[in-house]
Amino acid sequence: MLRVREIAVSYGRVPAVHDVGLTLESGAIHAVVGANGAGKSTLLRAVAGLNRIARGAIELDGRPIHGLPAHARVPLGLSLVPEGRHLFPRLTVERNLQLGAFTRRDAAEVAETMAQVVEIFPILEQRRTQLAGTLSGGEQQMVAIARGLMSRPRLLLLDEPSWGIAPMLVAKIFETIQQINARGVSILLVEQNVKRALSIAHRATVIQTGRVVAEGTAAELLQSDLVRQAYLGM
Ligand SMILES: Nc1ncnc2c1ncn2[C@@H]1O[C@H](COP(=O)(O)OP(=O)(O)O)[C@@H](O)[C@H]1O
Ligand SMILES: [Mg+2]
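Presented here is a report on the structure given in the accompanying data block. If you're wondering where the values come from, they're calculated on a predicted model, not measured in any experiment.

So, how was this worked out
Residues numbered from 1 in each chain as written. Chains lettered and ligands numbered in written order. Predicted model: local features only at pLDDT ≥ 70, side-chain atom pairs only at ≥ 80, totals over all residues. Heavy atoms only, no water. Near = heavy atom within 4 Å. Areas by Shrake-Rupley, 256 points an atom, 1.4 Å probe, with all protein chains shown as cover. Helix = DSSP H or I, 4+ residues; strand = E, 2+ residues; numbered from the N terminus. Pairing = 2+ DSSP bridges. Donors = N, O, S within 2.8 Å, 3.2 Å for Na, K, Ca; no water. Buried < 20%, exposed > 50% of the residue type's maximum accessible area, 1.4 Å probe, protein only. Salt bridge = Lys/Arg side-chain N within 4 Å of Asp/Glu carboxyl O. Axes fitted to C-alpha atoms, helices over the stretch in contact; angles between N-to-C directions.

Time to look at the site of ligand 1. The full set of residues close to ligand 1 is Tyr-11, Ala-16, Ala-35, Asn-36, Gly-37, Ala-38, Gly-39, Lys-40, Ser-41 and Thr-42. Starting from 560 Å² of accessible surface for ligand 1 in isolation, the protein chains cover 57%. Looking at the shell around ligand 1, the element that brings in the most residues is helix α1 (residues 40–48), giving three residues.

As structure tokens, then:
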């Protein structure tokens with residue numbers, strides 16, 4: 001479904017990602033794990049169209065998309081849930097969700113998606129008219145993921161969904177990611193929480209200082225010395 005071919009991304013003259021490639025099969029949860037500053041968000045933002053690539057290619061369903069602006073990638077089925085959530089704190093939960101459907105015209109269909117999304121996150125029904133900024137971190141993350149689903153993506157790009165969330169809710173968030181995947185949405189999951197990410201991913205790519213250092217099934221990576229020593233402290 002998604003092929004990232006040896007891309008490079010720089011900020012000004014400072015390279016952040018070098019020759020990173022990965023292949024995500026349709027229906028999969030593919031995790032990208034690595035330490036803070038490794039280049040995970042840079043990679044994800046490049047896929048979403050928020051970072052320009054200097055080299056390489058990004059293909060969706062076999063077609064190059066790296067020349068398209070971010071907003072033109074949304075109707076193709078890509079949706080980014082950014083690191084730090086980036087909600088509109090002074091808008092209601094409902095308005096935040098509606099903004100996720102900015103590329104869609106049919107109001108009745110959008111309302112239908114809203115109902116499906118609230119089914120996945122029942123708490124949001126109670127929070128609908130509350131200002132997003134008044135919710136807990138975990139609830140805000142639910143709003144951010146729900147907003148990401150409002151464009152009806154085929155591939156959801158999740159950047160650190162467990163960041164800044166009470167431990168109790170982290171398990172809930174990861175469970176929900178699996179539920180969303182079970183509904184047929186492929187997932188590219190960026191996480192520093194390597195153990196949790198590998199516990200739900202089918203495959204994963206490990207990056208260190210902007211380069212791929214390991215790739216494989218989640219089970220393979222959980223067994224590898226590199227992952228065990230560098231990320232699991234074993
Ligand atoms: N907007 C930016 N301007 C300049 N450098 C950046 C910017 N965003 C990230 N970087 C740098 O790029 C590298 C990769 O960052 P990032 O992709 O955010 O890593 P991660 O998501 O894995 O923590 C880091 O060295 C970081 O300091
Ligand atoms: Mg990041």
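Read on, since the account is not over.
With that settled, consider the sheet that holds strand β1 (residues 2–11). Strand order in the open sheet formed by four strands is β2-β1-β4-β5, and the pairing between neighbours is antiparallel. Taken across any chain shown, the strands that pair with only one partner, and hence form the sheet edges, are β2 (14–24) and β5 (63–64). Of the pairings in the sheet, the one linking β1 to β2 comprises seven bridges and is antiparallel in character. The residue of β2 that forms the bridge with Tyr-11 is Val-14.

Our focus in this paragraph is the coordination of the magnesium ion (ligand 2). Around the magnesium ion (ligand 2), the protein contributes the donor atoms Ser-41 (OG) and Glu-83 (OE), which lie 2.0 to 2.6 Å from the metal centre. Here Ser-41, found in helix α1, pairs with Glu-83, found in the loop between β6 (78–81) and α3 (93–99); they are 42 residues apart in sequence, far enough to count as distant. By relative accessible area, which is 32% here, Glu-83 ends up partly exposed.

A few words now on the pattern of salt bridges. Tallied over the entire structure, the rule returns 10 salt bridges. Between Arg-5 and Glu-59 there is a salt bridge whose closest N-O contact spans 2.9 Å. Pair noted here: Arg-5 is in strand β1 and Glu-59 is in strand β4 (residues 55–60), with a separation of 54 residues, a long-range link. The class of Glu-59 is buried, set by a relative accessible area of 15%. Overlapping salt bridges bring together Glu-94, Glu-125 and Arg-128 as one network.

Taken in spatial order, the six strands line up as β6-β7-β8-β3-β9-β10 in an open sheet, and their pairing is mixed. The outermost strands of the open sheet, each flanked by one partner alone, are β6 and β10 (211–217). The mean angle between the axes of side-by-side strands here comes to 15°, regardless of whether they run parallel or antiparallel. Pairing between strand β7 (residues 155–159) and strand β8 (residues 186–191): five bridges, direction parallel.

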